[in-house]
Structure formats: C-alpha cells, structure tokens
Number of protein chains: 2
Amino acid sequence: MELLKQRINKDGDIKEGNIVKVDSFLNHQIDVELLNEIGKEFKSRFSLEKIDKILTIEASGIAIAVIVAQYFNVPVVFAKKTDSKNLDKDTYESKVYSYTKDKTYTIRVSKKYLNKGENILILDDFLAKGKAAEGLIDIINQSNSNLIGVGIVIEKGFQNGGKNLRDKGIKLESLAIVDSIENGKIIFR
Amino acid sequence: MELLKQRINKDGDIKEGNIVKVDSFLNHQIDVELLNEIGKEFKSRFSLEKIDKILTIEASGIAIAVIVAQYFNVPVVFAKKTDSKNLDKDTYESKVYSYTKDKTYTIRVSKKYLNKGENILILDDFLAKGKAAEGLIDIINQSNSNLIGVGIVIEKGFQNGGKNLRDKGIKLESLAIVDSIENGKIIFR
C-alpha cells in the first residue's frame, strides 16, 4: 500500500535493533484518516471472502479493527490480555509471548462471541514472529469458527511470523512489509 | 441518548454488585454501527468547542475514541497502561487505581503527542469513581494542554466520579447515566 509506505518513510522513527516506531500515527497517536484508507485497502484485498466478524487483540489492534470493520459491516471482537472481574469465566484461552514486553500472557475471548461456523478475519497492527496471530488462530480453532485470513498493517519481513503463516496456507495480507533497514533507510518488499 | 439506553436495556447483562455488563456491544464485542451513532451524539454535544485531539486510555476506550474522532476530524492519543520497550522514555505519567482489576497502574503518554495549548477532549467507555479520568486530566495538566471536556458512554451515577468532575466545573457529557438497579431493572437518570 503506497500511501502507508510513504507515511512510514516520512514519520517512522528508526531505532536500534531494526525497530521502526510508528507511534506518531499508528499505535500511540492515531491518524484516523490513514486508518480509513487502510480499511478500504483491506476491504479490497478481502473483497471475495464472506467475513462475519473481525478478531483482534488489545490494545493497538482495536483502533485498526473498528475502523476497518466499517468497510465490512461486521462487529469486532478483541481478545483481552488482562484478567478482569467483569470478564466471563467461560472463555477460550491461549498463551502468547510478547517480545516487546518480554512476558507471556494469557489472551482470552468469551465463548459467547465466537461461534461455530462464523467466518473470521484477524487484524493487527504488527506481525513479527507471529505469536499474537498464532494465539488468535488457536482461539478460532477452539471455537470451531473459520479463519478466513489475516490482515496486518506492518509486517517485519526479516522475522519469521509471516513466512510461518503463509507456509500453512493461510491468506496473509500485509499492507507494508519491511524487509530490512540499511543505513537508516527502510527497504520494503 | 435514547438508542444507547434501549441497547443497554436490551443487551446489558445485570450482575451482582450493581454491575451492568455491556461486553456484547461495547467492550469485548463491539457494535461499530452503534459506535458511529455515539460519535454523532458526542459531536453534537461538543459542537461549539474547538477540539484538537481526543485523549483516551487503553483498551476499550480506543474503540470509542477512533470512531468518534471521525466526526471531529482529529487524531486520537491513547494513554498506555503497560510499559513497553517501544514507548518513549520521555512521558507524562499518572497513577490510576482500577477497581475492576484491583490494582494501581501507571498510565503514560509520550510528551510528543500532547502539546501546550492544544484543546483536548477525553473519551472513555465507563465512568465510575473517575480514577482513569482523573489520571488523564493530570496528564493534560502536566502537558499544559487544555481540557475541553469529558465524554463518557456509560456513567455509573451511583458512584461519585461524575459528581466530582462536575463539581470542579468540568464539562462532562455522559450518554447514559445508570442511577440504580432495582429488581433487575436499570434506572437511568
């Protein structure tokens, strides 16, 4: 997606360890206009699929999911990372290791909100080693709903998460794939 | 907001301790169409104010903030509840106690995304004792930006958060105020 790559080049902040920070427009401050363009792009990439629900994970996935959902006219469900007194006891659960936060957490979705036979599109802001996506897929499998595909705003192509999903035959659509960072310049696939 | 109250009556799940669970449409599964109606309503309630930015707090506040932001044409900033390797070191911070999670956490906003003189609207899904709102207001004050008002989807009128904010002269707009629950029936203000 050209507009997104331009924006990453313009406003992405390159940090040590091949990290491109996009918190000025994607995951701390959020440019809602850009998210709407992202929504149109995901809709065109999944235009042939019947989608019943979008599944994401808190926190920054939520922003993307709800704006994109407007183009599919479907509800969003987000997996919770923290236990809460108000969460149902009857949940699907999976364990996810986060490299950026260096901890394993349990993600949970109430059994009421993923139903057998529903067609689910997973959306998230980043894909690196793919642990969050794997956790969401595990939950979809437990619920006997159908994984239609995975939509990612920025894939870190130098890590193996994307390859693992594609090798399994999963339809993965990443709007920008960062293959490397060379001399302070981002190389997109 | 009549549509919201109807929806709370229809789909809200009344639990022990005067808790109305709305996770079928607001904070776990999300009805994006309803959020758009909520967006129009907030826009009309803050139509005379100049708003530069919407501030919320992860996680479920994000869904509301980004949809509502479309009606104000402004970016969203969300305060982070967890530390992350990717978050700037230079942040405004405040301590917030969560009754539903029974813990105190530090909320953080990068100093880059709240600027002196900007007009800020705080949005969140729930207001009970008002601790999250107070933390966000503390952060706004640290940044020398201007608090224009607070928009809440559901206020628990039987707790004191709303009264405290109104007593300070803050413009608080709550789309539904639950005053009590009597014999399984929700009494709105």
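The written sequence of each chain sets the order in which its residues are numbered from 1. Following the order in which they are written, the chains are lettered starting with A and the ligands numbered starting with 1. Reporting in this predicted model follows two pLDDT cut-offs: at least 70 for local features of residues, and 80 or more for side-chain atom pairs to be given and counted; totals over whole chains, interfaces and linings ignore these cut-offs and use all residues. Hydrogen atoms and water are omitted, and side-chain values are computed over all heavy atoms in the structure.

## A closer look at the interface of chain A and chain B
Stage number 1. Tallying the contact residues gives 43 residues for chain A and 43 residues for chain B.
Stage number 2. Any pair of nitrogen or oxygen atoms within 3.5 Å is treated as a polar contact; in protein, a donor-acceptor pairing is required on top of that, and neighbouring residues in sequence qualify only through side-chain atoms on both sides. Here chain A is connected to chain B by 17 residue pairs in polar contact (both at pLDDT 80 or more).
Stage number 3. Comment: elements are numbered from the N terminus, with helices defined as DSSP H or I runs of at least four residues and strands as E runs of at least two. Looking at the side of chain A that touches chain B, the elements that each hand over two or more residues are β2 (19-21), β3 (29-30), α2 (32-45), α3 (60-72), β5 (76-79) and β7 (103-110) of chain A.
Stage number 4. If you tally residues by element for the side of chain A that touches chain B, the top one is α3(A), at seven residues.
Stage number 5. Any two strands are treated as partners once DSSP identifies two or more bridges connecting them. In this structure, β3(A) lies alongside strand β5 (residues 76-79) of chain B, joined through two bridges in antiparallel fashion. In what follows, a contact means two residues having at least one pair of non-hydrogen atoms within 4.5 Å.

## Let's talk about the packing of α3(A) against helix α3 (residues 60-72) of chain B
A pair of packed helices is characterised by two quantities: the angle between their axes and the separation of those axes.
Stage number 1. Working convention: axes come from line fits to C-alpha atoms, limited for helices to the stretch in contact. Angles between N-to-C directions cover 0 to 180 degrees. Two elements in contact, α3(A) and α3(B), have axes separated by 8 Å at closest approach and are oriented at 50 degrees. In terms of their interaxial angle, α3(A) and α3(B) are classed as oblique. Every pair of crossing elements has a handedness; the one defined by α3(A) and α3(B) is right-handed. Residues A:I62, A:A63, A:V66, A:I67 and A:Q70 of α3(A) touch α3(B), and the partners they reach there are B:I62, B:A63, B:V66, B:I67 and B:Q70.
Stage number 2. Lys, Arg, Asp and Glu make up the charged group, whereas Ala, Val, Leu, Ile, Met, Phe, Trp, Tyr, Cys and Pro make up the nonpolar group; the residues left over, Gly among them, are polar. Within the contact of α3(A) with α3(B), the residues separate by chemical class into eight nonpolar, two polar and no charged. Any angle that is under 35 degrees is reported as roughly parallel, and any over 145 degrees as roughly antiparallel; angles of 65 to 115 degrees are reported as roughly perpendicular and all others as oblique. Should the near helix be turned anticlockwise from the far one by less than a right angle, the crossing is left-handed, and should it be turned clockwise, the crossing is right-handed.

## Digging into unusual backbone geometry
Stage number 1. With omega at 5 degrees, the peptide bond leading from A:E58 into A:A59 counts as cis.
Stage number 2. Position of A:A59 among the secondary structure elements: in the loop between β4 (53-57) and α3.
Stage number 3. Within the chain, A:N73 stands out as a residue other than glycine whose phi angle is a positive 55 degrees.
Stage number 4. Three labels apply to residues, based on accessible area from a 1.4 Å probe with only protein chains included: buried if under 20% of the type maximum, exposed if over 50%, partly exposed otherwise in between. Overall, the relative accessible area of 69% leaves A:N73 in the exposed class.
Stage number 5. At B:N183, a position not held by glycine, the phi torsion is positive, near 50 degrees.

## Things to note about the UniProt feature "binding site: 5-phospho-alpha-D-ribose 1-diphosphate" (unreviewed entry) in chain A
Residue and element names in this part refer to chain A.
Stage number 1. Here, the residues flagged by UniProt with the feature "binding site: 5-phospho-alpha-D-ribose 1-diphosphate" (unreviewed entry) are A128, K129, G130, K131 and A132.
Stage number 2. Position of K129 relative to the elements: it lies in the loop between β8 (119-127) and α4 (131-143).
Stage number 3. A relative accessible area of 29% places K129 in the partly exposed class.
Stage number 4. What K129 contacts, discounting residues up to four positions off in sequence, is Y99, E134, Q159, N160 and G161.
Stage number 5. Relative to the helices and strands, K131 is located in helix α4.
Stage number 6. On the accessibility criterion, K131 (32% relative accessible area) is partly exposed.
Stage number 7. Sequence-distant contacts of K131, defined by excluding residues within four places in its chain, comprise V96, Y97 and Y99. UniProt positions are given in the numbering used here, feature names are shortened, and annotations may be inferred rather than shown by experiment.

## So, the sheet that holds β8(A)
Stage number 1. Within the open sheet, the seven strands sit side by side as β11(A)-β10(A)-β9(A)-β8(A)-β4(A)-β5(A)-β3(B). Their pairing is mixed. Whereas interior strands pair on both sides, the edge strands pair on one side only; in this sheet they are β11 (185-188) of chain A together with β3 (29-30) of chain B.
Stage number 2. Sheet topology note: the strand β10 (residues 172-182) of chain A/β11(A) ladder contains four bridges and is antiparallel. Looking at β11(A), one finds that A:S180 is bridged to A:I187.
Stage number 3. Where α3(A) meets the sheet, its contacts fall on β4, β5, β8 and β9 (146-156) of chain A together with β3 of chain B, and the angle it forms with β4(A) comes to roughly 170 degrees.

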